[in-house]
Structure formats: structure tokens, C-alpha cells
Amino acid sequence: MMTEIFTVVENELAQLILFGKELDQYNTLNMLVVIGQRVDYARQQSDGSFLAKVLGSSLVKVKTNFDDFSARKIKDIDDWNLPKGKKCGVLPFVLDFENFLELSENIFRDSSRRSHIDKAYKYMMQAVIRAIGRNASESQKTPAEVVEFQNYHHLNACLASFKIAALDQERKEVKNLYNDAVHRYVNSMMGRPMEKLSNFFEGVKMIMEGGVRAEEVGYQLKFSKQELRRCIKEYSGKDIKKGLESLYHKIEKHTAENDNRLQQVVWQFMQEEFISQYKHYEDLITRCYPDSSIRLEFTIKDVLDYFTNIAMSQKA
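Residues numbered from 1 in each chain as written. Predicted model: local features only at pLDDT ≥ 70, side-chain atom pairs only at ≥ 80, totals over all residues. Heavy atoms only, no water.

Things to note about the environment of Ser 58
Piece 1. With respect to the helices, strands and loops of the structure, Ser 58 is situated in helix 3 (residues 50–79).
Piece 2. Sequence separation between Ser 58 and Leu 32 is 26 residues; the distance between their C-alpha atoms is 9.4 Å.
Piece 3. Beyond its immediate stretch of four places on either side in the chain, Ser 58 contacts Leu 13, Ile 17 and Ile 35. (Helix = DSSP H or I, 4+ residues; strand = E, 2+ residues; numbered from the N terminus. Contact = heavy atoms within 4.5 Å.)

Printed below as a string of C-alpha cells:
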């Protein structure tokens, strides 16, 4: 008699689980937590009771639904493709993952089923990282590095906000990917304000690596003092500022609209790289052209002023 009654109850629960899933796939998350709680309580009272067995059977169904739900989310991320010819900002699946974290954290925060959602997070995170890289490489309108650092920046901020312990390793990975993408972008853009000077000193570096001593560089026709002075004269402070203004406008075009904070972060990286190059050139001049009194036509203070003034003028 009891078996027949609980068979009916089990079927009714199965129908309820199916109805909830069809009504909204996100109901699966709530059902996993709620039924899991009921199973834990029933087993504490009597592990062999009919109720514990019926609820346990229902929990298996809900867990299967949850796994299917997670697999579909991952497939949706893997299958997403950037529309051809479109400028790219923060990708939709990154925003969707952020919304999913907010919803699921509210549901699972203190749940005994926490391990299930943490495992799903990890698989989804890897799918998001894969999809960012793939779509970045296929982007036609926005440089790949920009697609990467915009999305890794957003993802890193999202993970920092939720503080999910199970994703600490993934957060470190995302931060490293973000820094790498920014540096690749900066390096690809930075040569433009002083391209000829950059090429000159790259040549100096190459012949030194080939065995030419520093004090002998100036005696090479291609790298004589006269050639260096001619190259330096092409880059007055006014020219550098103009080149940096052009560079800033390119950054604005590449990055998402109204994302001023990220633009300023990239601009700061640009400033650090520019000053690093400046110091590198000064060092080579000191080593290879001693007592020549050759100097660049602008100072580090000038450079700092250029970067600050350009950034401030764009905010105004």
C-alpha cells in the first residue's frame, strides 16, 4: 500500500520537475537546491524511509537536468560567432555569464549543493575564455588584442566582484590574459609616434648583438652621428604630441564607446611603454655616442605633460 502511494507521489514529483524545467530552464537551479535540502533533511531523520528514497530519486532527475542545462550553456558559448564586419565591445556571452553568476550565486550561496555549481562554473569559464580567443582572432573591425583585453577586463572585474573561491585560479588566468593582451596591443601601436627612430635603434641593437662594440657603432655609416641627428630632428616635441594625439584617437576608435575608464588604463600602459622606450634610446645614445652631446628634442617631463594633457582634453 505504501509503495503504491509513494509511486504516485514519485510520478507527481517527476511531472512537477518536468513542468518547472519546461516553464523556465533556470528553475532547474532552484529545484536542485530545494530538493537537495529536503533530501538532506529526510536522510537525517531516517535514511531508509520512503520519503528519503522518493526525494532521492527526484534529486537524481533534477541533477541530470542541471547537467543538461550546464552543457547547453557551454554549447551556446562555444557556438557563438561574431557577426562579420561588426565593431566588437564586450561580447554577449560574457555579459550572459555575468548575469548567470549573479543569479546562481543568490541561489547556491549557502547550499549543500555548492560543489555542483562550482564545477559548472569552471567548465563555463573555460568555454568563455576559449570563445573570447576564437572570436578575437576572427574579428575584422576591431583588433584582436582589443577584443581580448576589453572582454578579459570585464570578466576580471566580474570575478573580483563575486569573489567565488572556486574560480580563484581562473581569475588569475583571466588577469594574466588581460595583461598580455594589453601589452601586445601597446607594443603593436607604440612604434608609430617615433617609427623611424625606433627602426634606427632596432638596427643599432641588432649590430651590437652581432658583435659590434658600443663604442664602434658610430663608425658604421648607417648608424653614424650624422644619421642619428638627422633621425632625431624628425621628432620634435610638437611632432611627438601630434603623434600621441593621433594614437589616442585610434584607441578611442578601437575600444567600446563610453568606456572611458578602460581607455585611460590603456593610455597609462602606453605612457609607461613610451617612457621605457625613451630611456632605452637615451641609454643607447650614452653608450654608443659618448661625448657627442646628442639628445632627443624633448624630455621625459615633456612626455608626461603630453600624455596628461591629451587625456584631460578628451575628458573635457
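So much for the structure itself; the text now carries on.
Looking at the packing of helix 7 (residues 168–190) against helix 10 (residues 237–254)
Piece 1. Orientation of helix 7 relative to helix 10, taken along the N-to-C sense of each, is 140 degrees, at an axis distance of 11 Å. In terms of their interaxial angle, helix 7 and helix 10 are classed as oblique. Considering only the axes of helix 7 and helix 10, their crossing is right-handed. Residue-level contacts link Tyr 185, Met 189 and Met 190 of helix 7 to Leu 244, Leu 247, Lys 250, Ile 251 and His 254 of helix 10. (Axes fitted to C-alpha atoms, helices over the stretch in contact; angles between N-to-C directions. Parallel < 35°, antiparallel > 145°, perpendicular 65-115°, else oblique. Left-handed = near helix turned anticlockwise from the far one by under 90°.)

Structural notes on the nonpolar core
Piece 1. Counting 93 residues, the largest nonpolar core has Leu 197, Leu 244, Trp 267 and Met 270 as the members making the most contacts within it.
Piece 2. With 12 residues, helix 11 (residues 260–288) is the largest single contributor of residues to this core. (Core = buried A, V, L, I, M, F, W, Y, C linked by side-chain atoms within 4.5 Å. Buried < 20%, exposed > 50% of the residue type's maximum accessible area, 1.4 Å probe, protein only.)

Digging into the side chain of Ser 139
Piece 1. Following the sequence through the fold, Ser 139 ends up in the loop between helix 5 (114–138) and helix 6 (144–162).
Piece 2. Here Ser 139 falls in the buried class, since its relative accessible area comes to 14%.
Piece 3. Residue contacts for Ser 139: discarding those within four places in its chain leaves Leu 82 and Val 147.

Considering unusual backbone geometry
One can expect most non-glycine residues to show negative phi and most peptide bonds to be in trans.
Piece 1. If you check the backbone angles, Asp 291 has positive phi at about 60 degrees while not being a glycine.
Piece 2. Assignment of secondary structure puts Asp 291 in the loop between helix 11 and helix 12 (300–315).
Piece 3. Since its relative accessible area comes to 82%, Asp 291 is described here as exposed.
Piece 4. The backbone of Ser 293 sits at a positive phi, close to 60 degrees, despite the residue not being glycine.
Piece 5. Judged by relative accessible area, Ser 293 falls into the exposed class, the value being 67%.

As for the pattern of salt bridges
Piece 1. If you walk through the whole model with that rule in mind, you get 17 salt bridges.
Piece 2. A salt bridge links Lys 75 to Asp 79; the nearest nitrogen and oxygen atoms lie 2.6 Å apart. Linking Lys 75 with Asp 79, this pair stays in helix 3, spanning four residues, or about one helical turn.
Piece 3. A relative accessible area of 42% means that Asp 79 is categorised as partly exposed.
Piece 4. As a salt-bridge pair, Glu 215 and Arg 213 come within 3.7 Å of each other at their nearest N and O atoms.
Piece 5. We classify Glu 215 as partly exposed; its relative accessible area is 44%.
Piece 6. Beyond isolated ion pairs, a larger network of salt bridges with shared partners links Glu 145, Glu 148, Asp 180 and Arg 184. (Salt bridge = Lys/Arg side-chain N within 4 Å of Asp/Glu carboxyl O.)

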